[in-house]
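What follows is each chain in one-letter form.
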Amino acid sequence: QKEVEQNSGPLSVPEGAIASLNCTYSDRGSQSFFWYRQYSGKSPELIMFIYSNGDKEDGRFTAQLNKASQYVSLLIRDSQPSDSATYLCAVDTTSGTYKYIFGTGTRLKVLA
Amino acid sequence: SAVISQKPSRDICQRGTSLTIQCQVDSQVTMMFWYRQQPGQSLTLIATANQGSEATYESGFVIDKFPISRPNLTFSTLTVSNMSPEDSSIYLCSVVLVGTEAFFGQGTRLTVV
């Protein structure tokens, strides 16, 4: 069974710090990786996607992918209280199908 | 991105009844999906909504329980049939636009009593 694992948290960081969120996946053939942010009672919002090994930066967010280790992470720099949410890691295990397998999410709390 | 309108946003239903959820998108869509998010859990893919043909269901989901229609590129419905309290969940429409990744509608919060 294809799985995506995340630490459920909560992960608490002080305002201004770097928040590091991690995700591992079981299917070595996975090609596409996504991070969604979900505020309580709201639907998931796409914040980052990454396809190649290495780092991808977008504003305060950096996604990191290591396919050999089957590991993807999300770094949030200068964390703000408004970043407090659940972060969902999603993996497209069959390239191009867009049939994502989601992790259970990590709840992030940024303390003012 | 696009505007994805999902209706209703929430409903409370009696067990044994059915509810149809609608998803309308204002842009050309290549793919549409339906997900379920049970309380405190992550998202699980129910099915791919195929335009003009039967939906493709994931393991554990069947057409009799979750009939899906997609009469055109920008509209789909999901029906939750013969509901029980175990069907209480958030149901989410997901769309893939041309050249983009998957986006989600606002979700329908269903409570079955």
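Residues numbered from 1 in each chain as written. Chains lettered and ligands numbered in written order. Predicted model: local features only at pLDDT ≥ 70, side-chain atom pairs only at ≥ 80, totals over all residues. Heavy atoms only, no water.

Observations regarding the overall build of chain B
Alright, step 1. The number of helices and strands found in chain B is zero helices and 11 strands.
Alright, step 2. Along its sequence from the N terminus, chain B presents helices and strands in the succession β-β-β-β-β-β-β-β-β-β-β.
Alright, step 3. For 113 residues, the compact-globule estimate of 2.2 N^0.38 gives 13 Å, and the C-alpha radius of gyration of chain B, at 13 Å, lies within 12% of that figure.
Alright, step 4. Dimensions of chain B along its principal axes, counting C-alpha atoms only, are 40 × 25 × 20 Å.
Alright, step 5. Going through the 113 residues of chain B one by one, you find that 50% of them count as buried.
Alright, step 6. Restricting to contacts in chain B with at least 6 residues of sequence separation, those with at least 24 account for 53%.
Alright, step 7. By element, 49% of the accessible surface of chain B is carried by carbon and sulfur atoms, the whole surface being about 5200 Å². (Helix = DSSP H or I, 4+ residues; strand = E, 2+ residues; numbered from the N terminus. Rg over C-alpha atoms; globule rule 2.2 N^0.38 Å. Buried < 20%, exposed > 50% of the residue type's maximum accessible area, 1.4 Å probe, protein only. Contact = heavy atoms within 4.5 Å. Areas by Shrake-Rupley, 256 points an atom, 1.4 Å probe, with all protein chains shown as cover.)

Topic: the sheet that holds strand E3 (residues 19-25) of chain B
Residue and element names in this part refer to chain B.
Alright, step 1. Taken in spatial order, the four strands of this open sheet run E1-E3-E8-E7, and their pairing is antiparallel. The open sheet is flanked by strand E1 (4-7) and strand E7 (68-72), the only strands paired with a single partner. Neighbour-to-neighbour, the strand axes of the sheet open up by a mean angle of 15°, direction not taken into account.
Alright, step 2. Examined bridge by bridge, E1 and E3 share four bridges and lie antiparallel to one another. Its bridge partner being in E3, Ile4 is matched across the sheet by Val25. (Pairing = 2+ DSSP bridges. Axes fitted to C-alpha atoms, helices over the stretch in contact; angles between N-to-C directions.)

What to know about the packing of aromatic side chains
Alright, step 1. One pass over the structure, following the stated rule, counts 15 aromatic pairs over all chains.
Alright, step 2. Centroid distance Phe34(A) to Phe49(A): 6.5 Å. Interplanar angle 40°. Geometry classified as tilted. Here Phe34(A), found in strand E4 (residues 32-38), pairs with Phe49(A), found in strand E5 (residues 45-50); they are 15 residues apart in sequence, far enough to count as distant.
Alright, step 3. Taken together, a centroid distance of 5.7 Å and an interplanar angle of 50° make the contact between Tyr36(A) and Phe102(A) tilted. Of this pair, Tyr36(A) sits in strand E4 while Phe102(A) sits in strand E10 (residues 100-102), and the two are 66 residues apart along the sequence. Residue Tyr36(A) shares its accessibility class with Phe102(A), and that shared class is buried.
Alright, step 4. Aromatic ring contacts, followed pair by pair, group Phe34(A), Tyr36(A), Phe49(A), Tyr51(A), Tyr98(A), Tyr100(A), Phe102(A), Tyr35(B) and Phe104(B) into a single cluster.
Alright, step 5. Its end group placed over the ring of Phe49(A), Lys56(A) keeps NZ or CZ at 3.6 Å from the ring centre. (Phe/Tyr/Trp six-rings, centres within 6.5 Å; stacked < 30°, edge-to-face > 60°. Lys NZ or Arg CZ within 6 Å of the ring centre and 35° of its normal.)

Focus on the layout of surface pockets
Alright, step 1. Looking at the largest pocket, its volume works out to about 620 Å³.
Alright, step 2. Broken down by secondary-structure element, the contributors of at least two residues to the lining of the largest pocket are strand E1 (4-6) and E10 of chain A together with strand E5 (43-49) of chain B.
Alright, step 3. In terms of residue class, the lining of the largest pocket is made up of seven nonpolar, 11 polar and five charged.
Alright, step 4. The volume enclosed by the second largest pocket comes to roughly 450 Å³.
Alright, step 5. What lines the second largest pocket is a set of 26 residues, and nearest its centre among them are Gln38(A), Thr86(A), Gln37(B), Gly40(B) and Gln41(B).
Alright, step 6. Elements supplying a minimum of two residues to the lining of the second largest pocket: strand E9 (85-92) and strand E11 (106-111) of chain A together with strand E9 (89-97) and strand E11 (108-112) of chain B.
Alright, step 7. Here the lining of the second largest pocket is composed, by residue class, of seven nonpolar, 15 polar and four charged. (1 Å grid on protein atoms, 1.4 Å probe; cavity = no way out; pocket = protein on both sides within 12 Å on 5 of 7 lines; lining within 4 Å. Points joined across faces, edges and corners; volume = space filled by probe spheres on them. Nonpolar A, V, L, I, M, F, W, Y, C, P; charged D, E, K, R; others polar.)

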